[in-house]
Amino acid sequence: MTRSIWQEHLHEHRASLAQLDGLEVPLDSALSRLLATLRHGGKVLACGNGGSSGDAQHLASELVNRFEGDRQALPAVALSTDSSVLTAIANDDHYDRVFARQVEALGAHGDCLVAFTTSGNSANILAAVAAAQRQGLWILAFTGRDGGRLGQLLGPGDLELRVPHQRTARIQEIHLLLIHALCAGIDAALAEPTGGESVATDKIQLDWQNLRTMCRHRRPLVFTNGVFDILHRGHVQVLEEARAQGGCLVVGVNDDASVRRLGKGPDRPINPLEDRMAVLAGLAAVDFVTAFAQDTPAGLIETLEPDILVKGGDWPREAIVGADFVLRRGGRVLSIPFRHERSTTALLRRIRETAP
Ligand SMILES: O=C(CO)[C@@H](O)[C@H](O)[C@H](O)[C@H](O)COP(=O)(O)O
Ligand SMILES: [Zn+2]
């Protein structure tokens, strides 16, 4: 008896699934590499032809938007989506260059190029991989059969998820399974806290360069600074309004010696830097907390290059340190008034006056 088309497909699909145990280790490596890339502010560029261009778009949409759980938006671009860019490159240069040119335009050191090809031989994919290698991206290749020429092009820092099947359709079906497994792993690692667990320690980033990289794609970047000795309602309100202005809020905190130089009193700060940063990191509005030892946060602002600079209270905009720098780069400077008049100094006076 001949099998129906459906029975044939089912049979072949099951047989291809049975050959995939070897993918567990490279899938785990791909997941950790991707997470490290995303956590350090890197982005994902994805490309493929035909059905594989759909895979590239599928992956990008699940990173930018969401897969199954709530987590931050992640930077990913499918290189097969802009018909103007694609037709211009193919028309003026060559179809083989359609992805490579975009990698040159958008790729940066540390980013990841995800290349889908069932044969491993599509010329535009090979060119994209070569361009990515020149630009310092690492490659995650989804291939089939024997990996084709792409399998041989990959360097020691690259990874390949190869489906050892001969038929394009079966390979593509497994590619989608792999995409979903990766997205599930990313969801699990970056899930928004449901309570109980602490993300606050990850928010404290004392290395300015590291912080700069982590904020690279989290724009508009909002920056504010202060002592935050005894956190009060006015602080929380200003921080919430500051966060609402952009996509990421970094708070720069004066270290203890620089607070003492501000002359607020011999016993200030009451709370040491570590405690002040931990309290700020516990606020939902705050994405990152860092510290500065200088008299002003000018150096920190120049390192982070925020798009929006905020001070709370009655600071005139022109007196805000770093305002010139941010305005010159086309950014905005805001003075957000305290809607709840509270001050740490006044609070301390009251505590002392009422002390027995
Ligand atoms: O979806 C399919 C076949 O299932 C086709 O569109 C297929 O993706 C195209 O023939 C691609 O051009 C094949 O490219 P590649 O996988 O060999 O890189
Ligand atoms: Zn197809």
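Reading the values: the criteria
- Residues numbered from 1 in each chain as written.
- Chains lettered and ligands numbered in written order.
- Predicted model: local features only at pLDDT ≥ 70, side-chain atom pairs only at ≥ 80, totals over all residues.
- Heavy atoms only, no water.
- Helix = DSSP H or I, 4+ residues; strand = E, 2+ residues; numbered from the N terminus.
- Rg over C-alpha atoms; globule rule 2.2 N^0.38 Å.
- Buried < 20%, exposed > 50% of the residue type's maximum accessible area, 1.4 Å probe, protein only.
- Domains from an automatic or database assignment.
- Contact = heavy atoms within 4.5 Å.
- Buried area = accessible area lost by both parts, 1.4 Å probe.
- Salt bridge = Lys/Arg side-chain N within 4 Å of Asp/Glu carboxyl O.
- Polar contact = N/O pair within 3.5 Å; in protein donor to acceptor, adjacent residues only side chain to side chain.
- Nonpolar A, V, L, I, M, F, W, Y, C, P; charged D, E, K, R; others polar.
- Phe/Tyr/Trp six-rings, centres within 6.5 Å; stacked < 30°, edge-to-face > 60°.
- Lys NZ or Arg CZ within 6 Å of the ring centre and 35° of its normal.
- Pairing = 2+ DSSP bridges.
- Axes fitted to C-alpha atoms, helices over the stretch in contact; angles between N-to-C directions.
- Near = heavy atom within 4 Å.
- Areas by Shrake-Rupley, 256 points an atom, 1.4 Å probe, with all protein chains shown as cover.
- Parallel < 35°, antiparallel > 145°, perpendicular 65-115°, else oblique.

Draft legend 1. Spatial organisation of the overall build of the protein chain. The number of helices and strands found in the protein chain is 16 helices and 10 strands. In summary, the protein chain has a C-alpha radius of gyration of 26 Å against a globular reference of 21 Å for 356 residues, an excess of more than 25%. Reported as C-alpha extents along the three principal axes, the dimensions of the protein chain are approximately 95 × 45 × 35 Å. The proportion of buried residues among the 356 residues of the protein chain is 45%.

Draft legend 2. Representation of the domain arrangement of the protein chain within the structure. When its domains are assigned, the protein chain resolves into domain 1 (5-190) and domain 2 (200-354). On a C-alpha basis, the centres of domain 1 and domain 2 stand 40 Å from each other. Contact residues are listed per partner, giving 10 residues for domain 1 and six residues for domain 2. Carbon and sulfur atoms supply 49% of the area buried between domain 1 and domain 2, which totals about 530 Å² over both sides. At the boundary of domain 1 with domain 2, the tally comes to zero salt bridges. Where domain 1 packs against domain 2, one counts zero residue pairs in polar contact (both at pLDDT 80 or more). Of the residues assigned to the side of domain 1 that touches domain 2, the class counts are two nonpolar, five polar and three charged.

Draft legend 3. Broad picture of the packing of aromatic side chains. In total, this model carries one aromatic pair according to the counting rule given. Taken together, a centroid distance of 4.5 Å and an interplanar angle of 35° make the contact between Phe 116 and Phe 142 tilted. Of this pair, Phe 116 sits in strand 3 (residues 112-116) while Phe 142 sits in strand 4 (residues 138-144), and the two are 26 residues apart along the sequence. Phe 116 sits in the buried class, given a relative accessible area of 1%. Seen from the ring of Trp 138, Arg 33 lies directly overhead, with NZ or CZ sitting 4.3 Å from the centre.

Draft legend 4. Fine view of the sheet that holds strand 8 (residues 288-292). As summarised here, the arrangement of the five strands in space is 8-7-6-9-10, forming an open sheet in which the pairing is parallel. Two strands bound the open sheet, and with one partner strand each, they are strand 8 and strand 10 (332-336). Averaged over all pairs of adjacent strands, the angle between strand axes in this sheet comes to 25°, irrespective of strand direction. In this structure, strand 9 (residues 308-312) lies alongside strand 10, joined through five bridges in parallel fashion. The residue of strand 10 that forms the bridge with Gly 312 is Ile 336. Packed on one face of the sheet, helix 10 (residues 208-215) meets strand 6 (221-226), strand 7 (248-254) and strand 8 and runs near 150° to strand 8. Packed on one face of the sheet, helix 13 (residues 273-281) meets strand 7 and strand 8 and runs near 160° to strand 7.

Draft legend 5. Region of interest: unusual backbone geometry. Cis geometry is found at the peptide bond from Arg 268 to Pro 269, where omega equals 5°. Looking at the secondary structure, you find Pro 269 in the loop between helix 12 (256-261) and helix 13. Of note in this structure, Arg 145 is not a glycine but carries a positive phi near 45°. Residue position: Arg 145 is located in the loop between strand 4 and helix 7 (148-153). By relative accessible area, which is 25% here, Arg 145 ends up partly exposed. If you check the backbone angles, Glu 305 has positive phi at about 50° while not being a glycine. Tracing the backbone shows Glu 305 in the loop between helix 14 (298-304) and strand 9.

Draft legend 6. A look at the sheet that holds strand 5 (residues 159-163). Strand order in this open sheet of five strands is 2-1-3-4-5, and the pairing throughout is parallel. Pairing within the sheet leaves two strands with one partner each, and these edge strands are strand 2 (76-78) and strand 5. Strand after strand, the sheet turns through a mean of 15° between neighbouring axes, direction not considered. In terms of strand pairing, strand 3 meets strand 4 through five bridges, oriented parallel. Looking across to strand 4, one finds that Cys 112 is bridged to Trp 138.

Draft legend 7. How the structure looks around the site of ligand 1. Lining the immediate environment of ligand 1, one finds Asn 49, Gly 50, Gly 51, Ser 52, Thr 117, Thr 118, Ser 119, Ser 122, Thr 168 and Gln 172. Thr 117 places a polar side-chain atom, nitrogen or oxygen, 2.6 Å from an oxygen atom of ligand 1. Contact distances for ligand 1 include 2.6 Å between an oxygen atom and a side-chain N or O atom of Gln 172. Considering ligand 1 on its own, with 450 Å² of exposed area, one finds that the protein chains cover 61% of that surface. Elements with a contribution of two residues or more to the shell around ligand 1: helix 3 (51-64) and helix 8 (168-190). Residues of the shell around ligand 1, tallied by class, amount to no nonpolar, 10 polar and no charged.

Draft legend 8. Broad picture of the packing of helix 3 against helix 8. Direction vectors running N to C along helix 3 and helix 8 enclose 10°, while the axes themselves pass 11 Å from each other. The orientation of helix 3 with respect to helix 8, classified from their angle, is roughly parallel. Taking contact as the criterion, the partners of Gly 51, Ser 52, Asp 55, His 58, Leu 59, Glu 62 and Leu 63 in helix 3 are, on helix 8, Gln 172, His 175, Leu 176, Ile 179, His 180, Cys 183 and Ile 186. Class assignment of the residues belonging to the contact of helix 3 with helix 8 gives a composition of six nonpolar, six polar and two charged.

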